[in-house]
Amino acid sequence: MRMKMDEINIARLTEEINEFTKYLEPTEVEIEYRDRAFARIRDHLKKKIPRAEVILSGSCQTKLLLPSSDINIAIRYPDDNGKLEKSAILSMVCCNLWGLDITVTGRYLREKVPMIRCREKHSNIDVTIQVDTYPNSWATTIEWMKEYPELKPLFLTIKHSAMGIRFEEGKGHIVAHYTKRGLSSYALVCLIAHYLKYNEAAKGFVDPVTRLGSLLLGFLRYYATFNFKTTGLTFGTADGLLILEDVPGLNTDWKEAGKRIVIQCANEAGQNVVMNCRNVALIQRGLAWMYVKMQNLCKSEEFQRSMLSCIINVEAHDVAVQRKSLNDYWFPPIPVSNTEINASWGSKGIRLSDHLLESRKRERGTDDPTHGKKRVKA
């Protein structure tokens, strides 16, 4: 049977996502640089602070790396009295970095997620040092990657695009950057894993020729229109949803006037993995902009040179050719004007949560979107 033009475009999008994922794979040089840099820092800190355990964490463990990703280092330190603050541990670490060829570029010790940012001089790679907040998060991510092979290509594509968006409004905000009031990598992993696990439409995309492209579009639309103000995500219920007003004992930070996304940690039910996000609306507008750009391209009857180029400047490189080093990698950011953002939410775009709430009302046969929801303990 002959494929329609939109099906052809989605098939091409799937192919480009796979090519882009291979292009981003760490090269042997990058792996060697990262391993040596980590070994130098680990060995130095072990000499200075013998009781500390220094481990790789985050994308360095899961291999969900962008070439520009930091080396994520987690510190585990025995707290005999249960009173040792994370900031105190990091202050001790910071004092003991002297004598190492490393430049401290930022100390964020009073943040909700305290950290030290620095640059290793030999490799010129950025390093982030934190106390091990979610010790099982990378192990959980690896398990999800085994269960859902699509998680990695979707993550790398969405992460890269979301990091490249530069808003005219909210210039200090980046959708997928946790120090810029956006999503952390683990929060994005949780969103993708939750979508693949619970979303019925996602389960219906079974054609391998178009599956990745369909999942990307579905993910962007689903979370661009999700009502995060009233609903959170969990991996502990049948439908994966938390009606926030029905959940007793939640920290008030979880429900701060709808400004934060709530994703209940898969390993620690009382923890929200989205700690530093301050502007849900801007995140959702970024996702909506990505969705509308991709959807318009997929529906076009004209041949497109590249399907991904509307959200990532992929034409700056030949993604079919493997990179040789980190220096070969740079995709220029994409500036997004208020006009474009507003168009994504106008009559030709999509609007926040309208179709989602309506569908829930129809399913429950009531005008109350929370009707019949079972209370879930945090």
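Just so it is clear, the model here is predicted, and its values are computed rather than measured.

Conventions we followed
Numbering of residues starts from 1 in every chain and runs along the sequence as written. Where local features are concerned, this predicted model is filtered to residues with pLDDT of at least 70; where side-chain atom pairs are given and counted, the filter is 80 or more; whole-chain, interface and lining totals use all residues. Side-chain figures throughout are based on the complete set of non-hydrogen atoms in the structure, without hydrogens or water. A run of H or I in DSSP becomes a helix once it reaches four residues, and a run of E becomes a strand once it reaches two; helices and strands are each numbered from the N terminus. Two residues qualify as a contact provided that any one of their heavy atoms is within 4.5 Å of a heavy atom in the partner residue. What makes a salt bridge here is a side-chain nitrogen of Lys or Arg within 4 Å of a carboxyl oxygen of Asp or Glu, nothing more. Three exposure classes are used, based on accessible area relative to the maximum for each residue type with a 1.4 Å probe and protein chains only: buried under 20%, partly exposed in between, and exposed over 50%. For every residue, the predictor states its confidence as a pLDDT score lying anywhere from 0 to 100. A helix is expected to reach a length of 1.5 Å times the quantity of its residues less one. Here the arc refers to the directions that run from the helix axis out to each C-beta atom. To count toward a patch, a residue needs a relative accessible area over 30% and no salt bridge; like charges are then connected within 9 Å, while nonpolar side chains (Val, Leu, Ile, Met, Phe, Trp, Tyr) are connected within 5 Å. Surface accessibility in these figures is a Shrake-Rupley result with a 1.4 Å probe; residues are shielded only by whichever protein chains are displayed. Only four residue types enter the charge count: Lys and Arg as positive, Asp and Glu as negative, with His and the chain ends excluded. To locate a charge, the coordinates of NZ of Lys, CZ of Arg, CG of Asp or CD of Glu are taken. For this analysis, a polar contact is any N or O atom pair within 3.5 Å, provided that within protein one partner can donate a hydrogen and the other can accept it, and provided that sequence-adjacent residues contribute only side-chain to side-chain pairs. Any Phe, Tyr or Trp ring, taking Trp's six-membered ring, that has another such ring centre within 6.5 Å forms a pair; planes under 30 degrees apart are called stacked, those over 60 apart edge-to-face, and the others tilted. Geometrically, a charge over a ring is one whose NZ (Lys) or CZ (Arg) sits within 6 Å of the ring centre while staying within 35 degrees of the ring normal.

(A) Highlighting the overall build of the chain. Of regular secondary structure, the chain possesses twelve helices and nine strands. A separation of at least 24 residues holds for 65% of the contacts in the chain among residues at least 6 apart in sequence.

(B) Molecular detail of the pattern of salt bridges. This model, assessed by the stated rule, comprises ten salt bridges. Measuring nitrogen to oxygen at the nearest pair gives 2.5 Å for the salt bridge that ties arginine 36 to glutamate 32. In this pair, arginine 36 and glutamate 32 are both assigned in helix H2 (residues 28-48), four residues apart and thus about one turn of the helix distant. Of the residues examined, glutamate 32 reaches a relative accessible area of 37% and is grouped as partly exposed. The salt bridge partner of arginine 119 is aspartate 126, with a shortest N-O separation of 2.7 Å. Take aspartate 126: its relative accessible area is 23%, and that puts it in the partly exposed class.

(C) A look at the confidence of the model for the chain. Of the residues in the chain, 76% have a pLDDT of 70 or more, and the chain-wide mean is 80. Helix H9 (residues 211-224) holds the highest mean pLDDT among the elements of the chain, 95, whereas helix H12 (residues 354-364) holds the lowest, 43. Within the model, the stretch residues 352-378 combines pLDDT values under 50 with 45 contacts to residues more than four positions away or in other chains.

(D) Representation of H2 in the model. Taking 1.5 Å per residue as the helical rise, H2 with its 21 residues ought to reach 30 Å, and the 31 Å between its terminal C-alpha atoms agrees with that figure. For H2, every residue scored as buried is listed here: Glu30, Arg34, Ala37, Phe38, Ile41, His44 and Leu45. What you see down the axis of H2 is that its buried residues fit within an arc of 135 degrees, all on one side. Facing away from the buried surface of H2 by more than 90 degrees, the exposed residues are Glu28 and Lys47. Buried positions along H2 lie against strand S1 (53-56), strand S2 (71-76), helix H4 (86-95), strand S3 (102-108), strand S4 (115-120) and strand S5 (125-131).

(E) Fine view of a negative patch on the surface. A cluster of acidic residues, Asp6, Glu7, Asp207 and Glu301, forms a negative patch on the protein surface. Counting through the fold element by element, glutamate 7 comes out in helix H1 (residues 5-24).

(F) View of unusual backbone geometry. At lysine 63, a position not held by glycine, the phi torsion is positive, near 70 degrees. Structurally, lysine 63 is set in the loop between helix H3 (59-62) and S2. Phi at asparagine 124 is positive, roughly 60 degrees, even though this residue is not glycine. Within the fold, asparagine 124 resides in the loop between S4 and S5.

(G) The arrangement of the environment of tyrosine 198 in detail. Considering the arrangement of structural elements, one finds tyrosine 198 in helix H7 (residues 185-198). Placed 41 residues apart in sequence, tyrosine 198 and aspartate 239 show a C-alpha to C-alpha distance of 6.4 Å. For tyrosine 198, the residues in contact, after removing those within four places along its chain, are Lys203, Thr234, Phe235, Gly236, Thr237, Ala238, Asp239 and Gly240. Looking at tyrosine 198, its side chain comes within polar contact range of the main-chain oxygen of phenylalanine 235, at 3.4 Å.

(H) Expanded view of the packing of aromatic side chains. In total, this model carries eleven aromatic pairs according to the counting rule given. Between tyrosine 195 and phenylalanine 219, the ring centres sit 6.0 Å apart and the planes meet at 90 degrees, which makes this aromatic pair edge-to-face. Of this pair, tyrosine 195 sits in helix H7 while phenylalanine 219 sits in helix H9, placing them 24 residues apart in sequence. Classification of tyrosine 195 as buried rests on a relative accessible area of 2%. Every member of this aromatic cluster is reached through a ring pair, and the members are Tyr195, Phe219, Tyr222, Tyr223, Phe226 and Phe228. Over the face of the ring belonging to tyrosine 198 we find lysine 197, whose NZ or CZ atom lies 5.5 Å from the ring centre.

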